[in-house]
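# Architecture and fold: a report
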Amino acid sequence: MSEASSGGLTRRAFLKTTAAATAVTAAGAGLSTVAAHAASPTRGLPDEQSFVNTCRGNCGGKCVLVGKVREGKLVQTRPYEPPEGFERSRMGCVKGVTYPQRLYAPNRVLYPMIQRGERGSDNWERVSWDEAIAYVSDHINKAQAEYGPNAFGLWHSYGSEGWLNGAYHQSTGVGYHRFLNTFGGTVIIPGGDQAQVYMGLFVMQHGTNSTADYTNAKTLIAWGANVTDTVRCCWPYICDARDKGARMIAVDPRYTITAAGSDTWIPVRSGTDGALMLAMANFIIDNDLVDWDFLAKKSVAPLLIKDDGSYFKLSDMGIPPTEGPISPWTGQPVIINPEVVFDKATGQLASQFTAEDPAVTGEFEYEGTRLRTVFDYVRDMTKQFTVEFAAKECDISEEQVIDLATTYATNGPTTVVMAQGICHHVNSRHNYKNLAYLASLTGNIDKPGACIYLNKNHVNVETTTLTTKEMYPDPSLMKPYATLCSERVPEVLETGKLGEADLPLKVVMIVSANPFASESGRPRFLETLKHLDCLVTVDCFMSDTARYSDVILPVGLSFEQEDFLQISSHEVDFLMQKAVEPAGEVKSDFEIYNLLAPKIGLDGLYDKDAEGYLHALLDNEANKKIGRTYDDFKREGVIADWSEEPVIGTEANALKRVQFYLPDLIARDVAYTVLPAEEKIPWYEHAMEAYQDNPLREKYPLFGNSEHSNYTGHSMYNDIPWIHEIWGDPYVMLNDETAAERGIAEDDLVRVFNDRGEVVLRARLTKGLRKDSIILPHGPQQDAYRVGHPQDLTLCFSDLTGNSSYNDFLCEVEKWKGGE
Amino acid sequence: MTHYVMVVDTKRCVGCNNCSMTCKVENNIPEGIWWSRSLTDGGEAELTPRGDTPDTMYMRFLTLACQHCENPACVKVCPVGATYRDEETGIVRQDYDKCIGCRMCMSACPYTGVRSFNWEEPKYFLDFATGDEDVPKHQKHVVEKCTMCYHRVARGERPACVDICRGIARHWGDLDDPNSTVSQLLAERSHTQLLPEMGTKPSVYFLV
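The rules behind the values
- Each chain has its residues counted from 1, following the order in which its sequence is written.
- All chains are assigned letters beginning at A, and all ligands numbers beginning at 1, according to the order in which they are written.
- Side-chain atom pairs in this predicted model are given and counted only at pLDDT of 80 or more, local residue features only at pLDDT of at least 70, and totals for whole chains, interfaces and linings cover all residues.
- Think of it this way: any DSSP run of H or I at least four residues long counts as a helix, any run of E at least two long counts as a strand, and we number them from the N terminus.
- We compute the radius of gyration over the C-alpha atoms and compare it with the globule rule, which gives 2.2 Å times the number of residues raised to the power 0.38.
- Comment: burial labels come from other C-beta atoms within 10 Å of the residue's own C-beta, placed from the backbone, where a count of 20 or more is buried, 12 or fewer is exposed, and between is partly exposed.
- Whether two residues are in contact is decided by their C-beta atoms, placed from the backbone, lying within 7 Å.
- Three residue categories are used. Nonpolar comprises Ala, Val, Leu, Ile, Met, Phe, Trp, Tyr, Cys and Pro, charged comprises Asp, Glu, Lys and Arg, and polar comprises the others, including Gly.
- Any two strands are treated as partners once DSSP identifies two or more bridges connecting them.
- Lines fitted to the C-alpha atoms define the axes, with helices restricted to the stretch that makes contact. Angles between their N-to-C directions range from 0 to 180 degrees.
- The predictor attaches a confidence to each residue, called pLDDT, with possible values from 0 through 100.
- As used throughout, a nonpolar core is a set of buried Ala, Val, Leu, Ile, Met, Phe, Trp, Tyr and Cys residues joined through C-beta atoms within 7 Å of each other.
- Domains are outlined according to an automatic or database domain assignment.
- Any angle that is under 35 degrees is reported as roughly parallel, and any over 145 degrees as roughly antiparallel; angles of 65 to 115 degrees are reported as roughly perpendicular and all others as oblique.
- Here is the rule for handedness: rotate from the far helix to the near one, and if that takes an anticlockwise turn smaller than a right angle the crossing is left-handed, while a clockwise turn gives right-handed.
- Multiplying 1.5 Å by the helix residue count minus one yields the expected span of that helix.
- Note that the arc is computed from the directions linking the helix axis to the C-beta atoms.

In this section: the overall build of chain A. When its secondary structure is counted, chain A shows 24 helices and 36 strands. In summary, chain A has a C-alpha radius of gyration of 27 Å against a globular reference of 28 Å for 820 residues, a match within 12%. With the principal axes as the frame, chain A shows a C-alpha extent of 90 × 65 × 65 Å. Sorting the 820 residues of chain A into buried and exposed places 57% on the buried side. In chain A, 74% of the contacts between residues at least 6 apart in sequence involve partners at least 24 apart.

Here you go:
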């Protein structure tokens, strides 16, 4: 035989093509487009084309994938390649490559279906779109007529992305967003990560550095963050920082891959991070490792508060507030009424914005009003969280606490590498105040190499969706809506109330979400569904949520639709190009809103078609100047600035200081709730169920945790045959001694259980996990388990942030007696 | 002459198997077969460490595929010359049409699992071929393995697994060129190879 019949290549062809490709590589430049291969023939083969899109795996990565189409089929999805020299900006993961199997999966839902039996009975009848929409709209109209507009709820998570089809609360997705602002019903947002989202992004608004800034850090603390598996963009920069000599410390109950790549592993008991943070703060204060200048000038430490805890402001001294610039959000002038500090330079009280040398500590008085500094108050309130306390609470040594505190304060700049590991307990909200306090004490924020928070980069396109009028319908159509986090749904369904307000939720449509697989407290969700008249799920697959619904409306996958997306972490903007025709009768989210809106009285909600909205969103003057209009993206696919210059954060909040004290904090869904003083300061309280002295531990001694594996994107991508070949069946990770005490061997089927529920799965034994802890998978759906579901063990509880507390549960493990 | 080698930085490799999956799709590899896999160098089970205390825990990853040996054991035993070392590139190749399925190469190769045999007509999860159209068609009763993406190398591209490595752990290039990245990395960093005592002179190096 010849080489040609085996590889299609001859030695002559080999040498020739090598030379040609060298020349192409040399032509690479900083500004890159995909023009060479997007929507145009690849290598002159008329039947093969490439398109750019994204995997839509809900990990925040939004990686650009280049999809190759051959004979009408998407045959490959590979990550879009940054130009030479920007390898650290590479994208993609083991899941995105498997996209063709997801697109052509046998469990895709291809037609609208109505459940004709009990919910969950799998007794589906295929119906037409007209029938399905009529069924849904009849239920909505009837419920709203009988119970009021709030009887219809729209429940989303982050499963889809894009300016047309995304469904993020108050951002992205013109289809969802115009509907949201018009339908006057109830909006349900996911509880996942809300402790961080609410406290960090909404309330405290810390400055954040870009990923590239990791290379400036001398100490990196991966705190509850297994970035190698979950935030991949960080890893090359962390490696570079370590090559430059940075020390890396992993704080995690598990010896993760990130821990394996660190210099030190501190195996804290999960849910106790806040105790460690406050003990570090006290050690730093007691040993005078404080950056007093930063604390005074850049944090809220010197601001004066009254006995009721509120800020003492210039208006309290009879100086009337002034009006600032018009707020783009309210259309009203910003009211300027600065907080007051004691200026050591003048010995006088003064505006925090004009004082030269604010006092961080001291007692003051103004016409009989006692004043003290935020720092004094917080320090006094948190004194009990000592090194000794934390060592006991976290089950680590006092030396480990001291070493971490000393390193954090003295071997800076220090960056806390954070993902969501410290976000999944009922006490998690405190962690964000505690980290801001630590950073303020040591000046480890808003400087090169110093950061405590999620990292971000630039955004290139000059229009964000939220501030674009296209996202909003005619003002005469707009109506207010009620909002709640998903953890409150069962309580609302049972009582018909959200806190003190009536909320008779009767029809719910779930979009871009799979809460019965992914949210904490699954048994409570399933048990309270009986109070709903109609549950509609818009999904691509027969998900755990879809199977308990009355109606499924099939929605397309990303490569079946055109859309637009920005990736702030990669500084890349791209048109999500349609590569293949939608399967079966699936429609885009945008099309589904268009079908439903006129049937429930929302006539005229959409005045443009999909492409019309993309034009309107992109074709502004700013984007014309920088060559980023719809037509530019249509032609280029991807437009990117491949800068890897670190971006350093600033405090964008009204105080312009790092906030670790929150006197104006309100509870998210029930704003009138009176919050105790501890909620407003750095604080620690033990977790709700998973704490060491809980008497329940006699029955359920093990601390439950779940992981975000490399191989799942929440409930997505885990039923891919290729991934199953590598990853195998889902397993619970147990310490080998914990397993031995229970007679459990490697790969045994085991039952993990508590009073709420159980799950049966394989055991994986490790030395790299605390003996009192287990790790369950997060992602695989009910079909992947012999019995039960990991989320059947979890709590349903809403703290003031609405957070889902996936890891706040106790359990026991035993060898399964149900056979193989 | 050209001697293409693979250099994998074990300090950067996180065992994510993105390379393995990319290989699987690029080469339209049949059900149940993997030309490249990440293996845990640690505890007894995958993704677990060895060591008894936090200070002594250890876990690294080794990506295992054909080592494209300079002195390949497989080539010596192949009775029909189906497996051979390409002198132009140093890539150890497998000619499916010549292979008679005797599997002598699999027995001779000291790197267990890098070669596989199609006992049956290859099966696929999808009803069309994925990946690159230049990949040779898989056949029943032949041995196959990592080709170092010969089809891509021939077009002047790198092997697919190198392109996508987010940890920038995988490097590929010409060891005979002293200015190549691989030559420089091997000059600067300590490295190891798999089973060097077997005398196969593998073309895969692991930076440690």
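After that view, the rundown keeps rolling.
A separate point is the environment of B:L39. Residues and elements named next belong to chain B. As for its position among the elements, L39 is in strand 2 (residues 37-41). For L39, a count of 13 C-beta atoms within 10 Å gives the class partly exposed. Put simply, L39 and T63 are 24 residues apart on the chain and 6.0 Å apart in space, counted from C-alpha to C-alpha.

The subject of this paragraph is the interface of chain B and chain A. Between chain B and chain A, the contact holds 48 residues from the first and 54 residues from the second. Within the residue set of the side of chain B that touches chain A, elements represented by two or more residues are helix 1 (18-26) and helix 4 (150-153) of chain B. Among the elements that line the side of chain B that touches chain A, the one with the most residues is helix 1 of chain B, at six residues. Tallied by class, the residues present in the side of chain B that touches chain A amount to 19 nonpolar, 14 polar and 15 charged.

This next bit is on the sheet that holds strand 13 (residues 304-305) of chain A. All names here are of chain A. In spatial order, the strands read 13-19-18; together these three strands make up an open sheet with antiparallel pairing. Edge positions in the open sheet fall to strand 13 and strand 18 (363-366), since each of these has one partner strand only. Across four bridges, the pairing between strand 18 and strand 19 (residues 369-373) is antiparallel. Counted as the bridge partner of F364 is L371 from strand 19. Across the sheet, helix 12 (residues 374-381) touches strand 13 and strand 19, and the angle it forms with strand 19 is around 75 degrees.

The next thing to look at is the confidence of the model for chain B. Confidence along chain B averages 96 in pLDDT terms, with 100% of residues attaining 70 or more. Both scores are available for the predicted complex, with the pTM at 0.93 and the ipTM at 0.97.

This next bit is on the pairing of strand 8 (residues 152-156) of chain A. All names here are of chain A. Most of strand 8 sits out of view: five of its five residues are buried. Pairing analysis gives five bridges linking strand 8 to strand 24 (residues 507-511), with the strands arranged parallel. Counted as the bridge partner of W155 is I510 from strand 24. When strand 8 meets strand 9 (residues 186-189), the two strands line up parallel, connected through three bridges. Its bridge partner being in strand 9, G153 is matched across the sheet by T186.

Residue and element names in this part refer to chain A. Counting residues in each nonpolar core, the largest one holds 195 residues, and the members touching the most others are M280 and V732. The greatest single-element share of this core, amounting to nine residues, is contributed by helix 10 (residues 273-286). Two domains each put at least three residues into this core: domain 2 (209-442) and domain 3 (695-815). Here M280 is in contact with V401, L404, A405, Y408 and L438, once residues within four sequence places are set aside. If you look at the next biggest cluster of nonpolar residues, it comprises 93 residues, including I510, L535, M542 and M576.

Now for unusual backbone geometry. All names here are of chain A. Following G412, the chain continues into P413 via a peptide bond in cis, with omega recorded as 0 degrees. As for its placement among the helices and strands, P413 is situated in the loop between helix 14 (398-410) and strand 20 (414-418). If you check the backbone angles, Y717 has positive phi at about 70 degrees while not being a glycine. Considering the arrangement of structural elements, one finds Y717 in the loop between strand 30 (702-707) and helix 23 (721-727). Overall, the presence of 24 C-beta atoms within 10 Å leaves Y717 in the buried class.

All names here are of chain A. The interhelical angle for the contact between helix 10 and helix 15 (residues 429-442), taken along N-to-C directions, is 20 degrees, at an axis separation of 9 Å. The angle between the axes of helix 10 and helix 15 places the two elements in the roughly parallel class. Like other packed secondary-structure pairs, helix 10 and helix 15 cross with a definite hand, here left-handed. Of the residues in helix 15, those in contact with D273, G274, M277, L278, M280, A281, I284 and I285 of helix 10 are H430, N431, N434, L435, Y437, L438, L441 and T442. For the contact of helix 10 with helix 15, the residue count by class is ten nonpolar, five polar and one charged.

What follows is about the domain arrangement of chain A. One frequently used descriptor of interface size is the decrease in accessible area upon assembly of the parts. Residue and element names in this part refer to chain A. For chain A, the assigned domains are domain 1 (113-195 + 460-610), domain 2 (209-442) and domain 3 (695-815). Here domain 2 and domain 3 have C-alpha centroids that lie 33 Å from each other. Between domain 2 and domain 3, the contact holds 15 residues from the first and 20 residues from the second. Here the residues of the side of domain 2 that touches domain 3 sort into five nonpolar, six polar and four charged.

Time to look at the environment of A:N620. By the element assignment, A:N620 lies in the loop between helix 20 (610-618) and helix 21 (621-625). Residue class for A:N620 comes out partly exposed when judged on the 15 C-beta atoms lying within 10 Å of it.

A few words now on the sheet that holds strand 20 of chain A. Residues and elements named next belong to chain A. Sheet architecture is open: four strands sit in the order 12-11-10-20, paired in parallel fashion. At either end of the open sheet lies a strand with only one pairing partner, and these are strand 12 (264-266) and strand 20. Recorded for the sheet is a direction-independent mean angle of 20 degrees between the axes of neighbouring strands. The pairing of strand 10 (residues 219-223) with strand 11 (residues 247-251) spans five bridges and is parallel. Bridge assignment links T219 to a residue of strand 11, and that residue is R247.

Glancing now at helix 14 of chain A. All names here are of chain A. Over its 13 residues, helix 14 runs 18 Å from end to end, which matches the ideal 18 Å to within 8%, given 1.5 Å per residue. Those residues of helix 14 that sit buried are Q400, V401, L404, A405, Y408 and A409. With its buried residues spanning 155 degrees around the axis, helix 14 presents them on a single face.

Residue and element names in this part refer to chain A. Burial runs high along helix 6 (residues 194-204): eight of the eleven residues are buried. Turning to helix 6, its buried residues are Q194, A195, Q196, V197, Y198, M199, G200 and M204. Looking at the buried positions of helix 6, the neighbouring elements they touch are helix 15 and strand 21 (482-485). Where helix 6 terminates, the next one or two residues include Q205, which has phi positive at roughly 50 degrees.

Turning our eyes to something else, we now look at the confidence of the model for chain A. Per-residue confidence for chain A gives a mean pLDDT of 90, with 91% of residues at or over 70. Counting contacts from residues 1-46 of chain A, a segment whose pLDDT is below 50, to residues more than four positions away or on other chains yields 73 contacts.

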